[in-house]
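A look at the structure
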Amino acid sequence: MPVEMRMWRIDGDEPKPLATSVLPAEKDLHEFLKRDPSLLGDRLLVIGSEVITPYGPRLDLLAIDVDGNLHLLELKRDKTPREVVAQVLDYGSWASTLSRDDIIDIATKHLDQPFEAAFEDVFGSAPPDELNGELSLTIVAAELDASSERIVNYLREFGVPVNAVFFAYLEDDNRRYLARSWLAASDEETAAAPKGSKKSKRAPWNQIDWYVSYGGGRNWADARRFNFIAAGGGRFYSQTMRSLPEGARVWVNLPGTGYVAVGRTLSAASRWIDARVKVGGAWVQLAEQDLESQPHARFDHPDDEQAEWVVPVEWLDARPESDAYWEKGMFASQHSACKLRQEFTLERLATHFDIDSDGE
């Protein structure tokens, strides 16, 4: 049977039903979700609205979640159940072929800042190295009929990642409310797709390896000699450095030059003025050491996001800048630190630095 949603307000001991109304225009749902996709329950970043597809029609909304998976949102509007389901499946067949570059290109046209920065603003971390490993297809409706419910449930039995969400619009004493109900619960799994029917575009992370970009005018000779990595001068740079856990294996890349070191972090990040590093088996105050480079204003900045953050490292192998290693196709990122999951890069780094790729 079709989804029905009712709400009551409790006045004393008496429940008073709220009147269900019709949205002034169903396009309002599009705008609500565009501004705040968390209305669907999960944090999402909208990376496209009225997205042009190769097949003519435009996808209402394209969003991405913290794992880099795509969410396609299509409003039912005045379409018949068969039309809206066929439309969202058609969009899904197109979206499943999108590469990382395709996704970033779509996001760049929609967002008012770089995709990576927008992703971090919403999720507080760098985006995964590989995007579009899985798809989620959602039909958004102000009303949901029995036919739509029957078709969606049937498709889910065959592993199609489709669902429908129903929004009710209610009014009470000049106040307006939106109420949401999913056709299938969020924790209700669809049937497993046939094995081998889909190749993931997202490489698994080994829970060990992290990428570190050491640039911005910082002196690599100092970092190599005094066993540390650092970043700061803005939230985009400081936050990822501060996310590095103790015991992480870090691979250090000098932007535009190549990889120069691999090591293990000895503690979480601390501000430059408080940072301690391990030299010759003893912990010392980094700010008191004889560095080749002169401290910058950010090194003693009162704002945590603008300040310089330092992570002490035990180098397994650290080489001078003149011995940097790079091959075309290796991973690089503007983030100060992020998970390194690209197998191509990990395999070549392990061979070049003679390090066990499994972290043993």
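Here, every reference points to the structure presented above.
Residues numbered from 1 in each chain as written. Predicted model: local features only at pLDDT ≥ 70, side-chain atom pairs only at ≥ 80, totals over all residues. Heavy atoms only, no water.

The tendency in soluble globular proteins is for nonpolar side chains to be buried as a group. Grouped together as the largest cluster of nonpolar side chains are 34 residues, with contacts concentrated most on Tyr214, Trp220, Phe228, Ile229, Leu244, Val252 and Leu286. Broken down by element, the residue count for this core peaks at six residues, all from strand 17 (residues 308–318). With residues up to four places along the chain from it excluded, the contact list for valine 252 reads Val212, Tyr214, Trp220, Ile229, Gly258, Tyr259, Val260, Ala261 and Trp315. Counting 33 residues, the second-largest nonpolar core is a separate cluster that includes Leu59, Ala107, Leu137 and Val152. (Core = buried A, V, L, I, M, F, W, Y, C linked by side-chain atoms within 4.5 Å. Buried < 20%, exposed > 50% of the residue type's maximum accessible area, 1.4 Å probe, protein only. Helix = DSSP H or I, 4+ residues; strand = E, 2+ residues; numbered from the N terminus. Contact = heavy atoms within 4.5 Å.)

Moving on, we come to unusual backbone geometry. With a phi angle near 50°, glutamate 50 is a residue other than glycine that sits in the positive phi range. Note that glutamate 50 resides in strand 4 (residues 45–52). Exposure remark for glutamate 50: the relative accessible area of 32% places this residue in the partly exposed category. In this structure, aspartate 354 is a non-glycine residue whose phi angle is positive, near 55°. Mapped onto the elements, aspartate 354 comes out in the segment after helix 8 (343–352).

On to empty space enclosed by the protein. Over the atoms rolls a probe the size of a water molecule, and its path tells where empty space is left. For the structure on display, the rule yields one cavity of 30 Å³ or more. Its residues assigned to classes, the lining of the largest cavity shows six nonpolar, four polar and four charged. (1 Å grid on protein atoms, 1.4 Å probe; cavity = no way out; pocket = protein on both sides within 12 Å on 5 of 7 lines; lining within 4 Å. Points joined across faces, edges and corners; volume = space filled by probe spheres on them. Nonpolar A, V, L, I, M, F, W, Y, C, P; charged D, E, K, R; others polar.)

The next point concerns the packing of helix 4 (residues 115–123) against helix 7 (residues 235–242). Here helix 4 crosses helix 7 at 60°, and the two axes come no closer than 11 Å. Relative to helix 7, the element helix 4 lies oblique. In this structure, helix 4 crosses over helix 7, and the sense of that crossing is left-handed. Counting all contacts with helix 4, which are made through Glu116, Ala117, Glu120 and Asp121, the residues of helix 7 involved are Arg235, Phe236, Gln239 and Thr240. Residues that form the contact of helix 4 with helix 7 fall into these classes: two nonpolar, two polar and four charged. (Axes fitted to C-alpha atoms, helices over the stretch in contact; angles between N-to-C directions. Parallel < 35°, antiparallel > 145°, perpendicular 65-115°, else oblique. Left-handed = near helix turned anticlockwise from the far one by under 90°.)

Quick look at the pairing of strand 1 (residues 8–11) now. As defined by bridge partners, strand 1 adjoins strand 2 (residues 14–17) across four bridges and the pair is classed as antiparallel. Within strand 2, the position partnered with aspartate 11 by the bridge is glutamate 14. (Pairing = 2+ DSSP bridges.)

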